[in-house]
Amino acid sequence: MLVRVVSCLFLFFFNIAQMAQEDKEKTTALKDLLSRIDLDELMKKDEPPLTFPKTLEEFEYAFNDRGQLRHTKTGEAFVFNYREDLHRWNQKRYEALGEIITQYVYERLEEECNLTREILPVDATEDEPKSFIYLSEDALTNPDKLLVLIQGSGVVRAGQWARRLIINEDMDSGSQLPFIKRAIEEGYGVMVLNPNENYLEVEKAAGASPEGPVSQQEASPEGPEEPAEKRERKEEREGGGRKKRDFYEKYRNPQKEKETEQIPIRDNSSSEEHTLYVWDQFVSRAAARSIFIIAHSYGGLSFVELMIQREAEVKNRVCAVAMTDSVHNVWHQEAGKSILEWLQEAPSAMSSLPGEVSTLSSSSLRMRWRPRRAQTSSPPPP
């Protein structure tokens, strides 16, 4: 009897031990299985298609009587975070709207200001990449005065100071339209430069080398004392590949962007080159006795480079220059002493401008043209 009891107890504890071992093995197997599952991967979302409306109407936005961009149904201002946790999609949507804004500004230049496009290069063939500037009807023939507008770097094109302000504030805050209209009213010829239209972007052919033509900034010589704006854009380019790799880890089915290459526009492949080309081909040939220039941000750097290349001409023709929030560096750009002295005298010639240009900054860009009777003065002494 005792033997039977002991035997039963032995079998009981043996079964318990065996079950415990099996449970341990199952637990280990379960842990191993869980360790192989990437919970972040399970939480990934399918990225929506990167297809967006082609017109303001399709976007359901319009500019009201105050020049403010508003939703046609809700009346609300533009909302960047249209979809939560989809930053790239929101950014692409913003860029798509920005391209529509660019075309909208072009239409305003042509319809409201009666400006016409002048194709660059002036001797461009049918097949080569082209750019353009805008001219008033009397830009080359006005015998008295000519106003030349040069914006900063980035996505802005002819007629814009800052796309962000056009979208988030109003058309007058971020565009050149108020300046152009006022200049025409006061009898100025007008030239609107387009210094950021530097290349034609085309889809890269299969098997092409990953190293395509360099961009505007890469083509420019840079030293250790390069302007902050140039340096920031360079760092942004270098970090672009890393950011793209990081992005593709956030989605289950990320959409690969098309590989493109940039074909430079002859004689206009950088802001500096464009400004020099327009001076040689248009500004220097204008009939105006007095030339006035407003150069914003990187446009100021381009103007200084123009002075270095055409110092005598600029001093002889330019009556006043407003360099607003300029990123130029006369030492880095190796401007001579005579140029530095001329620039230091430039504020005294500001009274020659047909209006008062208030402080203009990249954080809150609002340039207003206040009424003032136009004056003409001789250029500052060399």
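Residues numbered from 1 in each chain as written. Predicted model: local features only at pLDDT ≥ 70, side-chain atom pairs only at ≥ 80, totals over all residues. Heavy atoms only, no water.

### A closer look at the overall build of the chain
- Counting its secondary structure elements, the chain contains 13 helices and 12 strands.
- Across the 382 residues of the chain, 42% fall into the buried class.
- Expressed as a percentage of contacts within the chain between residues at least 6 apart in sequence, the contacts between residues at least 24 apart total 73%. (Helix = DSSP H or I, 4+ residues; strand = E, 2+ residues; numbered from the N terminus. Buried < 20%, exposed > 50% of the residue type's maximum accessible area, 1.4 Å probe, protein only. Contact = heavy atoms within 4.5 Å.)

### A word on the packing of helix α10 (residues 271-281) against helix α11 (residues 298-309)
- Running from amino to carboxyl end, α10 crosses α11 at an angle of 55°, the nearest separation of the two axes being 9 Å. Considered as vectors, α10 and α11 are oriented oblique to each other. The handedness of the crossing between α10 and α11 comes out as right-handed. Facing Ser271, Glu272, Thr275, Leu276 and Trp279 of α10, the residues of α11 in contact are Tyr298, Leu301, Ser302, Glu305, Leu306 and Gln309.
- Along the lines of polarity and charge, the residues of the contact of α10 with α11 split into 5 nonpolar, 4 polar and 2 charged. (Axes fitted to C-alpha atoms, helices over the stretch in contact; angles between N-to-C directions. Parallel < 35°, antiparallel > 145°, perpendicular 65-115°, else oblique. Left-handed = near helix turned anticlockwise from the far one by under 90°. Nonpolar A, V, L, I, M, F, W, Y, C, P; charged D, E, K, R; others polar.)

### Focus on the pattern of salt bridges
- This model, assessed by the stated rule, comprises 16 salt bridges.
- Here Glu111 ties to Arg108 by a salt bridge, and the two come within 2.7 Å at their closest N and O atoms. Here Glu111 and its partner Arg108 are both found in helix α4 (residues 87-111), 3 residues apart, which amounts to about one turn of the helix.
- By relative accessible area, which is 53% here, Glu111 ends up exposed.
- Two residues, Glu197 and Arg157, come together in a salt bridge whose shortest N-O distance is 2.7 Å. Here the residue Glu197 occupies a position in the loop between β6 (189-192) and β7 (199-203), and Arg157 occupies one in the loop between β5 (145-150) and α5 (163-168), the gap between them amounting to 40 residues.
- Shared partners join several salt bridges into a network, and the residues in it are Glu107, Arg108, Glu111, Glu112 and Lys181. (Salt bridge = Lys/Arg side-chain N within 4 Å of Asp/Glu carboxyl O.)

### So, the sheet that holds β6
- Judged by pairing direction, the sheet is mixed, and its 6 strands sit side by side in the order β3-β4-β6-β5-β9-β10 without closing on themselves. Of all strands in the sheet, those with a lone pairing partner are β3 (116-120) and β10 (318-324), marking the two edges. Neighbour-to-neighbour, the strand axes of this sheet turn through a mean angle of 20°, independent of strand direction.
- The pairing of β5 with β6 spans 4 bridges and is parallel. Within the sheet, the bridge partner assigned to Leu146 lies in β6 and is Gly189.
- Each of β3 and β4 (131-135) is contacted by α4, which is oriented at about 40° to β4, the strand it contacts most. (Pairing = 2+ DSSP bridges.)

### Section: the environment of Arg70
- Relative to the elements of secondary structure, Arg70 occurs in strand β2 (residues 69-71).
- Given the relative accessible area of 22%, Arg70 is considered partly exposed.
- Remark: the alpha-carbon pair of Arg70 and Asn168, spanning 98 residues in sequence, is separated by 9.4 Å.
- The contacts of Arg70, once residues within four sequence positions are left out, are Glu60, Tyr61, Ala62, Asn64, Gly75, Glu76 and Ala77.

### Points about the environment of Arg289
- You can see Arg289 is positioned in the loop between α10 and β9 (290-296).
- Note: C-alpha distance between Arg289 and Asn316 (27 residues apart in sequence) is 9.5 Å.
- Excluding its chain neighbours within four sequence positions, the residues that come into contact with Arg289 are Pro143, Asp144 and Arg317.

### Here we look at the packing of aromatic side chains
- With the rule as written, the count across this model stands at 12 aromatic pairs.
- Ring plane angle 55° and centroid distance 5.7 Å describe the contact between Tyr61 and Phe78, whose orientation is recorded as tilted. Linking Tyr61 in strand β1 (residues 61-63) with Phe78 in the loop between β2 and α4, this pair joins segments that are 17 residues apart in sequence. Across the pair, exposure class does not vary: Tyr61 and Phe78 are buried alike.
- With a centroid separation of 5.8 Å and 80° between ring planes, the pair formed by Trp161 and Phe179 is classed as edge-to-face. You can see Trp161 sitting in the loop between β5 and α5 and its partner Phe179 sitting in helix α7 (residues 177-185), a full 18 residues away along the chain.
- Relative accessible area serves as the criterion here: at 4%, Trp161 is assigned to the buried category.
- Of the residues examined, Phe179 reaches a relative accessible area of 1% and is grouped as buried.
- In this structure an aromatic cluster arises from ring pairing among Tyr61, Phe78, Phe80 and Tyr94.
- Its guanidinium or amino end placed over the ring of Tyr104, Arg108 lies 4.6 Å from that ring's centre, counting from NZ or CZ. (Phe/Tyr/Trp six-rings, centres within 6.5 Å; stacked < 30°, edge-to-face > 60°. Lys NZ or Arg CZ within 6 Å of the ring centre and 35° of its normal.)

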